[in-house]
Amino acid sequence: MKLTVITGSPHKKGTTALLADKFIEGAKEVGHEVVRFDAAFENVKPCLACEYCSIHDGECVHKDTMNELSKQLVETELIVFVTPLYYFGMSAQIKAVIDRFHASNAKIAGNKKAMLLAAAYGADDWTMEGLEKMYESMLRFLAWEDAGKIMATGCPVREVLEQTDYPQQAYEMGKNL
Ligand SMILES: Cc1cc2nc3c(=O)[nH]c(=O)nc-3n(C[C@H](O)[C@H](O)[C@H](O)COP(=O)(O)O)c2cc1C
């Protein structure tokens, strides 16, 4: 299967980077083709809502690394969103990527699966509610099917996450696709 993993943290060795690494390790072991896009280290400008794309067959007015990802997303069968929880939602870095889906909505909607891997400091039962709601609404809008989630609450830093079962869960999620 062709997979695209989009990460949203500026921490190269943070909690969500570990979840992404373990997921990719499992997926590659069983032969899946993985493209990783680390949004915090790419040049992705925010959507200008200029609607240039609506009259240019989905071409965006920005010329940045999102253009390449957009082409990749048309081909991919599974998109994995990996984000730290920032004020009860996704990080700005990954949200900028998602907002740029606007140019490609018609080309990417339907026939895809998605996953969500997230980590947060908080450990309340409502910590991830806002993020999950946004993810579910996005999938409903794009007619994508949810293929699984890992919500690693109570994990402020990598050293804490390493003491939990979440990295193993991420590995198995990739391996069992
Ligand atoms: C700007 C910012 C906002 C955050 N907002 C939340 C939040 O709303 N709830 C929460 O539980 N943790 C919040 N956190 C903590 C992170 O989600 C947590 O430390 C996470 O493990 C960081 O992942 P990373 O190491 O992959 O960057 C926030 C951290 C930052 C820097």
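Here the structure is shown first, and the text comes after it.
Residues numbered from 1 in each chain as written. Predicted model: local features only at pLDDT ≥ 70, side-chain atom pairs only at ≥ 80, totals over all residues. Heavy atoms only, no water.

A. Broad picture of the packing of aromatic side chains. For the structure on display, the rule yields four aromatic pairs. Centre to centre, the rings of Phe81 and Trp144 are 6.5 Å apart; their planes meet at 20°, and the pair counts as stacked. Here Phe81 is found in strand E3 (residues 78–84), whereas its partner Trp144 is found in the loop between helix H5 (129–142) and strand E5 (145–152), with 63 residues between them in sequence. By relative accessible area, Phe81 is classed as buried at 0%. Of the residues examined, Trp144 reaches a relative accessible area of 6% and is grouped as buried. One aromatic cluster is present, formed by Phe81, Phe101 and Trp144 through successive ring pairs. The ring of Phe41 carries Lys12 above its face, with NZ or CZ at 4.5 Å from the centroid. (Phe/Tyr/Trp six-rings, centres within 6.5 Å; stacked < 30°, edge-to-face > 60°. Helix = DSSP H or I, 4+ residues; strand = E, 2+ residues; numbered from the N terminus. Buried < 20%, exposed > 50% of the residue type's maximum accessible area, 1.4 Å probe, protein only. Lys NZ or Arg CZ within 6 Å of the ring centre and 35° of its normal.)

B. How the structure looks around helix H2 (residues 66–75). Along H2, the residues that are buried comprise Met66, Leu69, Ser70 and Leu73. Around the axis of H2, the buried residues are gathered within 105° of arc, so they sit on the same side. Facing away from the buried side of H2 by more than 90 degrees, the exposed set consists of Glu68 and Lys71. If you follow the buried residues of H2, they end up packed against strand E1 (2–7), strand E2 (33–38), E3, helix H3 (92–99) and helix H4 (105–108). (Arc of directions from axis to C-beta. Contact = heavy atoms within 4.5 Å.)

C. Main features of empty space enclosed by the protein. If you walk through the whole model with that rule in mind, you get one cavity of 30 Å³ or more. Its volume calculated, the largest cavity comes out at about 100 Å³. In terms of lining, the largest cavity is formed by 14 residues, of which the most central are Cys47, Leu48, Cys53, Cys60 and Ala103. Class assignment of the residues belonging to the lining of the largest cavity gives a composition of nine nonpolar, two polar and three charged. (1 Å grid on protein atoms, 1.4 Å probe; cavity = no way out; pocket = protein on both sides within 12 Å on 5 of 7 lines; lining within 4 Å. Points joined across faces, edges and corners; volume = space filled by probe spheres on them. Nonpolar A, V, L, I, M, F, W, Y, C, P; charged D, E, K, R; others polar.)

D. Quick peek at the site of the ligand. The immediate surroundings of the ligand are formed by 17 residues, with Ser9, Thr16, Leu85, Gly122 and Cys155 found nearest. The contact in question runs from an oxygen atom of the ligand to an N or O atom on the side chain of Thr16, over 2.5 Å. One nitrogen or oxygen atom from the main chain of Cys155 is found 2.7 Å from an oxygen atom belonging to the ligand. A total of 650 Å² of accessible area belongs to the ligand in isolation, and the protein chains cover 78% of it. In a pocket analysis with a 2 Å cut-off to the grid points, the ligand is assigned to the largest pocket. Counted by class, the shell around the ligand contains 10 nonpolar, seven polar and no charged residues. (Near = heavy atom within 4 Å. Polar contact = N/O pair within 3.5 Å; in protein donor to acceptor, adjacent residues only side chain to side chain. Areas by Shrake-Rupley, 256 points an atom, 1.4 Å probe, with all protein chains shown as cover. Sits in = over half its atoms within 2 Å of the grid points.)

E. Representation of the pairing of E1. With respect to burial, E1 is a largely interior element, five of its six residues being buried. Here E1 runs beside E2; their pairing, made up of six bridges, is parallel. Following the sheet pairing, Val5 is matched in E2 by Arg36. Taking the sense of rotation as the criterion, the β-α-β connection linking E1, helix H1 (residues 15–29) and E2 turns out right-handed. (Pairing = 2+ DSSP bridges. Right-handed = clockwise from strand over helix to strand, strands pointing away.)

F. Structural view of the nonpolar core. Counting 29 residues, the largest nonpolar core has Ile6, Leu73, Phe81, Val97, Phe101, Leu131 and Trp144 as the members making the most contacts within it. For this core, the secondary structure elements donating two or more residues are H2, E3, H3, strand E4 (113–119) and H5. Broken down by element, the residue count for this core peaks at five residues, all from H5. Those residues in contact with Leu131 that sit more than four places away from it in its chain are Thr83, Leu85, Phe88, Gly89, Met90, Leu116, Ala118 and Met151. (Core = buried A, V, L, I, M, F, W, Y, C linked by side-chain atoms within 4.5 Å.)

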